[in-house]
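For reference, the chains in residue letters:
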Amino acid sequence: MQRRDKHNYYLDIAETVLERGTCLRRNYGAIIVKNDEIISTGYSGAPRGRVNCSDLGYCMRKKLGIQRGQNYEKCRSVHAEANCIISTSRRNMLESTLYLVGKDMETGKLVENANSCTMCKRLIINAGIDNVVIRDNRDLYRLVKVQDWIDDDDSLGSTMGY
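About the criteria used
Residues numbered from 1 in each chain as written. Predicted model: local features only at pLDDT ≥ 70, side-chain atom pairs only at ≥ 80, totals over all residues. Heavy atoms only, no water. UniProt positions renumbered as here; feature names shortened; annotations may be inferred. Helix = DSSP H or I, 4+ residues; strand = E, 2+ residues; numbered from the N terminus. Patch = residues over 30% accessible without salt bridge, like charges linked within 9 Å, V, L, I, M, F, W, Y side chains within 5 Å. Areas by Shrake-Rupley, 256 points an atom, 1.4 Å probe, with all protein chains shown as cover. Salt bridge = Lys/Arg side-chain N within 4 Å of Asp/Glu carboxyl O. Lys, Arg positive; Asp, Glu negative; His and termini not counted. Charge placed at Lys NZ, Arg CZ, Asp CG, Glu CD. Core = buried A, V, L, I, M, F, W, Y, C linked by side-chain atoms within 4.5 Å. Buried < 20%, exposed > 50% of the residue type's maximum accessible area, 1.4 Å probe, protein only. Pairing = 2+ DSSP bridges. Axes fitted to C-alpha atoms, helices over the stretch in contact; angles between N-to-C directions. Contact = heavy atoms within 4.5 Å. Phe/Tyr/Trp six-rings, centres within 6.5 Å; stacked < 30°, edge-to-face > 60°. Lys NZ or Arg CZ within 6 Å of the ring centre and 35° of its normal. Polar contact = N/O pair within 3.5 Å; in protein donor to acceptor, adjacent residues only side chain to side chain.

### Some points on the UniProt feature "active site" (unreviewed entry) in the chain
Inference 1: UniProt records the feature "active site" (unreviewed entry) for Glu81 in the present numbering.
Inference 2: Tracing the backbone through its elements, the reader meets Glu81 in helix 4 (residues 80-86).

Listed below in structure tokens is the structure:
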């Protein structure tokens, strides 16, 4: 039996975390790992105490025909990366890696070419996270150096993301 590599191991855990998500459109799971220890987890869902889309039975962005990467202010959810970041201190996140997996809730398939939205990129940068590993399919992932987002300032204005 071949042992699972570390990136896929942590992505598998992030994929399990996304199953707690309450978004009817796309659910994401994120975990932050530092020194081979999971220090935080997060998934897409409404702020604590507010009604989730899964409980409402509809997604406002879908209802309004809003495309991926646009008008996040219409979304009830806090993104997985943001939930992950607010669950630990910055000193814990310095030089860490965030693992991210997304699932399309209509098709049940993983979101290929997923990326953090502009606001989550800003949060990741300010948190001191060094790398983001994003799953594209069962065994294929991308390693993003957060420094590349900093160096390419235009990426922080990008509309691609969830």
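### Comments concerning the UniProt feature "domain: CMP/dCMP-type deaminase" (unreviewed entry) in the chain
Inference 1: UniProt records the feature "domain: CMP/dCMP-type deaminase" (unreviewed entry) at residues 5-148, using the numbering of this structure.
Inference 2: With 31% helix and 26% strand, the stretch residues 5-148 has end C-alpha atoms that lie 24 Å from each other.

### Here's the deal with a negative patch on the surface
Inference 1: Taken together, the side chains of Asp148, Asp151, Asp152, Asp153 and Asp154 make up a negatively charged region of the molecular surface.
Inference 2: If you trace the backbone, Asp152 turns up in the segment after helix 7 (146-151).

### Focus: the nonpolar core
One broad trend across soluble globular proteins is that nonpolar side chains are buried collectively.
Inference 1: Judged by nonpolar contacts, the single largest core of 20 residues is most densely connected at Leu98, Ile124, Ile129 and Val132.
Inference 2: Elements supplying a minimum of two residues to this core: strand 1 (26-34), helix 4, strand 3 (97-104), helix 6 (118-127), strand 4 (131-137) and helix 7.
Inference 3: Formed by eleven residues, the second largest nonpolar core is a distinct cluster that contains Tyr10, Val17, Val101 and Val133.

### Side note on the sheet that holds strand 1
Inference 1: Here we have five strands laid out as an open sheet, ordered 2-1-3-4-5, and mixed in their pairing. Each having just a single partner strand, strand 2 (37-43) and strand 5 (140-145) make up the two edges of the open sheet. Direction aside, the axes of adjacent strands within the sheet are offset by 20 degrees on average.
Inference 2: Where helix 1 (residues 6-18) meets the sheet, it contacts strand 1, strand 2, strand 3, strand 4 and strand 5, and its direction lies at approximately 135 degrees from that of strand 1.

### Examining the packing of aromatic side chains
Inference 1: Scanning all chains against the criterion turns up two aromatic pairs.
Inference 2: One aromatic cluster in this structure is built from Tyr9, Tyr10 and Tyr99.
Inference 3: In this structure, Lys63 is placed above the aromatic ring of Tyr58, and the distance from its NZ or CZ to the ring centre is 4.4 Å.

### Here's the deal with a nonpolar patch on the surface
Inference 1: Nonpolar side chains collect at one region of the surface, where Val51, Leu56 and Tyr58 lie side by side and expose about 220 Å² of accessible area between them.
Inference 2: The residue Leu56 is located in helix 2 (residues 53-56) in this model.
Inference 3: Residue class for Leu56 comes out partly exposed when judged on its relative accessible area of 33%.

### Points about the environment of Glu73
Inference 1: Within the secondary structure, Glu73 sits in the loop between helix 3 (60-63) and helix 4.
Inference 2: Overall, the relative accessible area of 59% leaves Glu73 in the exposed class.

### Some remarks on the environment of Asp139
Inference 1: Structurally, the position occupied by Asp139 is in the loop between strand 4 and strand 5.
Inference 2: Judged by its relative accessible area of 49%, Asp139 falls in the partly exposed class.
Inference 3: Along the backbone, Asp139 and Leu11 are 128 residues apart, and their C-alpha atoms lie at a distance of 9.3 Å.
Inference 4: Among the polar contacts made by the side chain of Asp139, one reaches the side chain of Arg4 at a distance of 2.7 Å.

### Thoughts on the pattern of salt bridges
Inference 1: Summed over all chains, the structure comprises nine salt bridges.
Inference 2: The shortest N-O distance in the salt bridge between Arg135 and Asp12 comes to 2.8 Å. Taken together, the positions of Arg135 in strand 4 and Asp12 in helix 1 put the pair 123 residues apart, joining distant regions of the chain.
Inference 3: A relative accessible area of 0% places Arg135 in the buried class.

### What about unusual backbone geometry?
Inference 1: Of note, Asn35 is a non-glycine position whose phi angle comes to about 50 degrees, a positive value.
Inference 2: The topology assignment puts Asn35 in the loop between strand 1 and strand 2.
Inference 3: The class for Asn35 is exposed, based on a relative accessible area of 70%.
Inference 4: Phi at Asp36 is positive, roughly 60 degrees, even though this residue is not glycine.

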